Amino acid sequence: MEKEMLDEFQNLKCQIDGLESMMKLLLANALIDEFEIAKTILVNQSVLDLLKHEGLELGQQGDLNGIKFFYVNISANDKIPVKDIIRLHDELLAVSEKMIPVFMYEKINGMQKKRLLQEKISFCVKGKETYIIGAERIGT
């Protein structure tokens with residue numbers, strides 16, 4: 001009797017695991033459908049000049065549900081304090097013609113993440129998570 005119940009529970013666990021995997025695939029597919037990179041969007045020269053002056057590189061540009069954005073690549077070797085990211089964010093918003101700068105980190109610690117969220121700064125941790133915040137700040 002116990003063996004039958006154990007087999008039944010294992011069966012249920014396998015079915016639940018299969019459903020969970022399917023749900024993850026459906027979610028990933030839905031996100032991919034929404035996240036179409038628009039190759040025609042180009043930032044203006046002021047953004048490029050500002051990034052060059054700061055020693056940073058422009059990453060991909062795109063449009064997500066009508067919100068235009070561009071990535072600012074920050075490598076693991078770049079030790080840029082959050083206060084400088086906040087300043088740069090505000091400067092980029094001023095010259096970026098209704099596009100949101102999203103700071104692309106390779107790695108980020110918990111304190112940096114918390115501060116960026118508090119300051120409503122859009123950021124991404126490569127391969128893990130993305131927060132695009134502040135569309136209302138640019139008039140969309």
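Since we're looking at a predicted model, the values are computed, not measured. (Residues numbered from 1 in each chain as written. Predicted model: local features only at pLDDT ≥ 70, side-chain atom pairs only at ≥ 80, totals over all residues. Heavy atoms only, no water.)

### Let's talk about the side chain of Ser96
The following threshold applies: Runs of H or I in DSSP of at least four residues are treated as helices and runs of E of at least two as strands, each being numbered from the N terminus. Residues count as neighbours in contact if any of their non-hydrogen atoms are within 4.5 Å of one another.
Considering the arrangement of structural elements, one finds Ser96 in the loop between helix H3 (82-95) and strand S3 (100-105). Those residues in contact with Ser96 that sit more than four places away from it in its chain are Asn44, Val47 and Phe70.

### So, the side chain of Asn44
Here is the rule: Throughout this description, a polar contact denotes any pair of N or O atoms lying within 3.5 Å of each other; where both atoms belong to protein, one of them has to be capable of donating a hydrogen while the other can accept it, and for residues adjacent in sequence the pair is counted only when both atoms sit in side chains.
For Asn44, the location among the structural elements is in the loop between helix H1 (2-34) and helix H2 (45-54). Polar contacts involving the side chain of Asn44 include one to the main-chain amide nitrogen of Ser46, which spans 3.1 Å. Engagement of the side chain of Asn44 in a polar contact is seen with the backbone nitrogen of Val47, the distance being 3.0 Å. Discounting chain neighbours no more than four positions away, the residues touching Asn44 are Val95, Ser96 and Glu97.

### So, the pairing of S3
Cut-off, in case you're wondering: The buried label applies to any residue whose accessible area, calculated with a 1.4 Å probe on protein chains only, is under 20% of its type's maximum; exposed applies above 50%, and partly exposed to all values in between. Two strands pair under a simple rule: DSSP has to find at least two bridges between them. For a crossover, the right-handed case is the one in which the path from the first strand over the helix to the second runs clockwise, viewed with the strands pointing away from the viewer.
Within S3, six of the six residues are buried, which leaves it mostly tucked inside the rest of the structure. Residue alternation in S3 divides its side chains into two sets, Ile100, Val102 and Met104 and Pro101, Phe103 and Tyr105, and both sets are buried. The pairing of strand S2 (residues 67-74) with S3 spans six bridges and is parallel. Looking at the pairing, Val72 lines up with Phe103 of S3. Read from S2 through H3 to S3, the crossover connection turns out right-handed. The pairing of S3 with strand S4 (residues 123-125) spans three bridges and is classified as parallel. Across the sheet, Tyr105 pairs through a bridge with Val125, a residue of S4. A crossover connection joins S3 to the parallel S4 through helix H4 (residues 110-118); in handedness this β-α-β unit is right-handed.

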